[in-house]
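Per-entry structural report
As a plain string of letters, each chain reads:
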Amino acid sequence: MTAQLIDGNALARTIRAEVTERAAALTARGRQPGLAVILVGEDPASQVYVKHKVNDCETSGVRSVLDRYPATFSEAELLARIEVLNADPSIHGILVQMPLPKHIDPHKVIETISPLKDVDGFHVQSAGALMVGQPGFRPCTPYGCMKLIETTGISLKGKNAVVIGRSNTVGKPMALLLLQANATVTVCHSGTADIGLYTRQADVVVAAVGKRMVLTADMVKPGAVVIDVGMNRDEAGKLCGDVDFAGVSQVAGWITPVPGGVGPMTRAMLLVNTLEAAERAPTVVHSV
Ligand code: GUN
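Report on the accompanying structure. Since this is a predicted model, take the numbers as computed values, not measurements. (Residues numbered from 1 in each chain as written. Predicted model: local features only at pLDDT ≥ 70, side-chain atom pairs only at ≥ 80, totals over all residues. Heavy atoms only, no water.)

Overview of unusual backbone geometry
Rule in force here: Note on conventions: DSSP H or I runs of at least 4 residues are helices, E runs of at least 2 residues are strands, and numbering of each starts at the N terminus.
At the junction of Met 98 and Pro 99, the peptide bond is cis and its omega measures out at 0° in the coordinates. Assignment of secondary structure puts Pro 99 in the loop between strand E4 (93-96) and helix H4 (106-112). Even without being glycine, Asn 182 reaches a positive phi, approximately 70°. For Asn 182, the position within the fold is in the loop between helix H7 (171-180) and strand E6 (184-188).

Next comes the structure, spelled out in structure tokens:
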């Protein structure tokens, strides 16, 4: 292996320590940051993700409220619950775990969350703010990827960056964040005829497709920074990303592992967004 490993676990630990300190300071001033996590249904992966998010809160001094509902929970009931949380001054962030059962429209759900509490950064207002370069919540995964790239010390200004994948949660916001950092950005997707044509020119590649072996060694420019957002299982059931790690790590300059790369950073940035939501929340004036 010639590439240097970008350690997401270590960076996430550092960020969590900062959040813990700021959360304690805020709590001492009478405002403990609070995150509401809503899980509808029994999706096994979602249950694990949610458990991690709640544990992270606990270890960082962020109060969490976990609402679990059966898969039969109606859309109207879910929207009503979100409205209650929107109005609750002790809750600064609201996260509805995706995917939702088929009978619930995820767009409707996301748009019901107050943009002031949209710590996932999925609301149209957050997406719009990112698009025009205004302050707002950044989606946790691409936000975490930017922090991982920062640790390499490589400036993105004037660099070629390729994002593989165009999801609303990762690919598109990732491209906008890289653009904001003055990279020249290309977005490849399932309709791209020859992804390697673009990635071979790239100083930075972010793979966010959800499919194994999307990026192989022959597609990577020597010395490039490779960020692997994928979370897949190989034939043996072992966790792996979208990148052929064994091959690409022989060519790249920097690479994130799976697990231990982007995953812990997504969770860390959720804490950052929640803390910042709490820091920015309007002071509640109690009438007597
Ligand atoms: N499902 C998988 N990843 C995420 C995430 O980052 N946020 C939410 N709300 N659901 C998810």
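Topic: the side chain of Gln 97
Applicable threshold: Residue burial is assigned from relative accessible area. The probe radius is 1.4 Å, only protein chains are included, and a residue is buried under 20% of its type maximum, exposed over 50%, and partly exposed in between. Whenever two N or O atoms come within 3.5 Å, that pair is a polar contact, provided that in protein one can donate a hydrogen and the other can accept it, and provided that, for residues adjacent in sequence, both atoms are side-chain atoms. Contact definition: two residues touch when any of their heavy atoms are within 4.5 Å.
If you trace the backbone, Gln 97 turns up in the loop between E4 and H4. Residue classification places Gln 97 among the buried positions, given a relative accessible area of 6%. Here Lys 53 takes part through its side chain, which lies 2.7 Å from a polar atom of the side chain of Gln 97. The contact partners of Gln 97, leaving out residues within four places of it in the chain, are Ile 38, Leu 39, Ser 46, Tyr 49, Val 50 and Lys 53.

A short note on helix H5 (residues 124-132)
The condition that has to hold: This arc describes the spread of directions from the helix axis toward the C-beta atoms.
If you check which residues of H5 are buried, you get Ser 126, Ala 129 and Leu 130. Around the axis of H5, the buried residues are gathered within 100° of arc, so they sit on the same side. Turned more than 90 degrees away from the buried face of H5 sit Val 124, Gln 125, Met 131 and Val 132, all of them exposed. Among the structural elements, H7 are those in contact with the buried residues of H5.

A look at the sheet that holds strand E3 (residues 63-69)
To keep it simple, the criterion reads: By the convention used here, strands pair only if DSSP detects at least 2 bridges between them. For helices, the fitted axis covers only the stretch in contact; all axes are lines through C-alpha atoms, and the angles between them, taken along N-to-C directions, range from 0 to 180 degrees.
Taken in spatial order, the three strands make up an open sheet running E3-E2-E4, and their pairing is parallel. Strand pairing shows two members of the sheet lacking a second neighbour, E3 and E4, which therefore form its edges. Averaged over all neighbouring strand pairs, the angle between strand axes comes to 15°, with direction disregarded. Note: strand E2 (residues 34-40) against E4, four bridges, orientation parallel.

A look at the pattern of salt bridges
Pairing is possible between side chains of opposite charge, provided their charged atoms come close. Going by this rule: Here a salt bridge means any side-chain nitrogen of Lys or Arg lying within 4 Å of a carboxyl oxygen belonging to Asp or Glu.
Enumeration according to the criterion identifies seven salt bridges in this entry. The shortest N-O distance in the salt bridge between Asp 67 and Arg 81 comes to 2.5 Å. You can see Asp 67 sitting in strand E3 and its partner Arg 81 sitting in helix H3 (residues 75-86), a full 14 residues away along the chain. Under the relative-accessibility criterion, Asp 67 is labelled buried at 10%. In this structure, Arg 212 and Glu 235 form a salt bridge, with 3.6 Å as the shortest nitrogen-oxygen distance. A residue pair is termed long-range when its members are at least 10 positions apart, and Arg 212 in the loop between strand E7 (204-207) and strand E8 (225-228) and Glu 235 in the loop between strand E9 (232-233) and strand E10 (239-240) qualify at 23 residues. Judged by relative accessible area, Arg 212 falls into the partly exposed class, the value being 28%. Because the salt bridges share partners, they merge into one network encompassing Arg 22, Glu 276 and Glu 279.

Points about the packing of helix H1 (residues 8-28) against helix H2 (residues 44-60)
Describing two packed helices takes the angle between their axes plus the distance from one axis to the other. For clarity, the threshold we go by: Small angles under 35 degrees read as roughly parallel and large ones over 145 as roughly antiparallel, with 65 to 115 read as roughly perpendicular and the rest as oblique. For this classification, the nonpolar set comprises Ala, Val, Leu, Ile, Met, Phe, Trp, Tyr, Cys and Pro, the charged set comprises Asp, Glu, Lys and Arg, and every other residue, Gly included, is treated as polar.
At a minimum axis distance of 9 Å, the contact between H1 and H2 shows a crossing angle of 55°. The pairing of H1 with H2 is recorded here as oblique in orientation. The residues of H2 that touch H1, namely those facing Arg 16, Val 19, Thr 20 and Ala 23, are Asp 56, Thr 59 and Ser 60. By residue class, the composition of the contact of H1 with H2 is two nonpolar, three polar and two charged.

Brief notes about the site of the ligand
Which entries qualify depends on this criterion: Throughout, near means a residue has at least one heavy atom within 4 Å of the molecule or strand. Only the protein chains shown count as cover for residues, with accessible areas throughout obtained via the Shrake-Rupley method and a probe of 1.4 Å.
By nearness alone, every residue bordering the ligand is listed as Lys 53, Leu 95, Val 96, Gln 97, Met 98, Asp 120 and Phe 122. A distance of 2.8 Å separates a nitrogen atom of the ligand from a polar atom in the backbone of Met 98. When the free accessible area of the ligand is taken as 280 Å², the share hidden by the protein chains comes to 76%. For the shell around the ligand, the per-class residue count stands at four nonpolar, one polar and two charged.

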